[in-house]
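Listed here are the chains, written in short residue letters.
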Amino acid sequence: MLRDAAARPWYAEGPPRFVPGYADLHRMTRILLAEWTAPDAQVLVLGAGGGLELKALAEAEPHWRFVGVDPAAAMLELAERTLGPSSARVQLQQGYIDDAPDGPFDAATCLLTLHFLDADERRRTAREIHRRLKPGAPFVAAHSSFPQADSDRGRWLSRYAAYAIASGADPEKANTARAAVDANLSLLTPEQDARILSEAGFRDVEMFYAAFTWRGWIGYA
Ligand SMILES: C[S@@+](CC[C@H](N)C(=O)[O-])C[C@H]1O[C@@H](n2cnc3c(N)ncnc32)[C@H](O)[C@@H]1O
């Protein structure tokens, strides 16, 4: 599947090289979820492959339990290895949102993933996440989302590649990633993305993270 094939080499190169403040994004996500969830929360993580946000959340919140869902077997294997001992509190499930348990969950995240889905599928997926949450439960989403006017898009994509190169990525790989983002991702503006979350049923949607081509939001079921 194209979106998995697009994600794997990128992940191997290292998300922190492509996502400014990647570790801080996890820290902020944990703080935002913890504002509203019990110390023994059940958290749904969609697009959990690779396992880096699962590891960060599990280590910061030793009583949270997780269901991590991802369609790519290789990414789930990597998550299992990345998690180490924390994997005891994580149920990994191969599949899409429709394969996730009904919950209801106390919180959910979907990081660096919804940009693989076109607007309709993104809205449907967000609705299905909403359906699996307890009333009022928080949801954090973060992914590629930036101005899409012809005059803006190329400039921001170049900044995306420049950040990766400045962070130590191989320049050829960074430019290949730039071309893959341009060609393969379903890129929307931050305004469109926030609207999709509201249309999916989330209330009080607020942007909390903006870094070059990346944005993150919190909303409540
Ligand atoms: C770039 S990785 C991000 C992994 C992790 N969330 C992180 O932040 O490190 C994107 C993941 O989304 C998964 N993915 C692609 N399409 C998906 C979908 N429709 N539903 C859930 N996960 C999907 C891919 O298999 C891949 O593991």
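In the block above lies the structure referred to throughout.
This report concerns the structure included in the present document. (Residues numbered from 1 in each chain as written. Predicted model: local features only at pLDDT ≥ 70, side-chain atom pairs only at ≥ 80, totals over all residues.)

## Focus: the packing of helix α3 (residues 22-34) against helix α4 (residues 52-60)
So the rule is basically this: Axis definition: a line fitted to C-alpha atoms, over the contacting stretch in the case of helices. Angles run 0 to 180 degrees between N-to-C directions. Here a helix means four or more residues in a row that DSSP labels H or I, a strand means two or more in a row labelled E, and each is numbered from the N terminus. Put simply, angles under 35 degrees are roughly parallel, angles over 145 are roughly antiparallel, angles from 65 to 115 are roughly perpendicular, and the rest are oblique. Two helices crossing with the near one rotated counterclockwise from the far one by less than a right angle form a left-handed crossing, whereas a clockwise rotation gives a right-handed crossing. With C-beta atoms placed from the backbone, a contact is any residue pair whose C-beta atoms sit within 7 Å. Classification used: nonpolar for Ala, Val, Leu, Ile, Met, Phe, Trp, Tyr, Cys and Pro, charged for Asp, Glu, Lys and Arg, polar for all others including Gly.
Contact geometry for α3 and α4: axes closest at 10 Å, N-to-C directions at 50°. The angle between α3 and α4 places the two elements in the oblique class. In the packing of α3 onto α4, the handedness of the crossing is right-handed. The segment α3 lies against α4, with His26, Thr29 and Arg30 engaging Glu53, Ala56, Leu57 and Ala60. Among the residues forming the contact of α3 with α4, the class breakdown is three nonpolar, two polar and two charged.

## What about the environment of Arg17?
Along the chain, the position of Arg17 falls in helix α2 (residues 15-18). Considering only alpha carbons, one finds Arg17 and Ile31, 14 residues apart in sequence, at a separation of 23 Å. Apart from the residues within four sequence positions on either side, Arg17 is in contact with Ala164, Ser167, Gly168 and Ala169.

## Examining the sheet that holds strand β5 (residues 138-144)
Put simply, the rule is: Here, any two strands with at least 2 DSSP bridges between them count as paired.
Read from one edge to the other, the open sheet built from seven strands follows the order β3-β2-β1-β4-β5-β7-β6, with strand pairing classed as mixed. One side of each edge strand has no neighbouring strand; the edge strands of this open sheet are β3 (90-94) and β6 (203-211). Ignoring which end each strand starts from, the neighbouring axes of this sheet average 15° apart. Note that strand β1 (residues 42-46) and strand β2 (residues 65-70) share five bridges and pair parallel. Its bridge partner lying in β2, Val45 is registered against Gly68. Sitting on the sheet, helix α5 (residues 73-83) is in contact with β2 and β3, with an inclination near 170° to β3.

## Some words on the site of the ligand
Note the cut-off: Nearness rests on one distance test: the residue's C-beta atom, set from the backbone, must lie within 6 Å of the molecule or strand.
Near the ligand lie 22 residues; those nearest to it are Gly47, Gly49, Ala72, Met75 and Leu111. Per element, the largest residue contribution to the shell around the ligand is four residues, and it comes from helix α1 (residues 2-13). For the shell around the ligand, the class distribution of residues is 14 nonpolar, four polar and four charged.

## Here's the deal with the pairing of strand β7 (residues 214-220)
Cut-off, in case you're wondering: As a rule, residues whose C-beta atom has 12 or fewer other C-beta atoms within 10 Å are exposed, those with 20 or more are buried, and those in between are partly exposed; C-beta atoms are placed from the backbone.
In terms of residue burial, β7 counts as a mostly covered element, since six of its seven residues are buried. In the sheet, β5 pairs with β7 via seven bridges, with the strands oriented antiparallel. Within β7, the residue paired with Phe139 across the bridge is Gly219. Two strands pair when backbone bridges link them, and β6 and β7 are joined in this way by six bridges, in the antiparallel orientation. By the bridge assignment, Tyr209 is partnered in β7 with Gly216. Adjacent in sequence and paired antiparallel, β6 and β7 are bridged by two residues, among which Phe212 carries a positive phi angle near 50°.

## Thoughts on the nonpolar core
What counts, and what does not: A set of buried residues qualifies as a nonpolar core if it consists of Ala, Val, Leu, Ile, Met, Phe, Trp, Tyr and Cys joined through C-beta atoms within 7 Å.
Membership of the largest hydrophobic core comes to 61 residues, with the highest contact counts inside it found for Val43, Leu44, Leu46, Leu54, Ala108 and Ile129. Excluding its chain neighbours within four sequence positions, the residues that come into contact with Leu54 are Val45, Ala48, Phe66, Gly68, Ala79, Leu83 and Val90.

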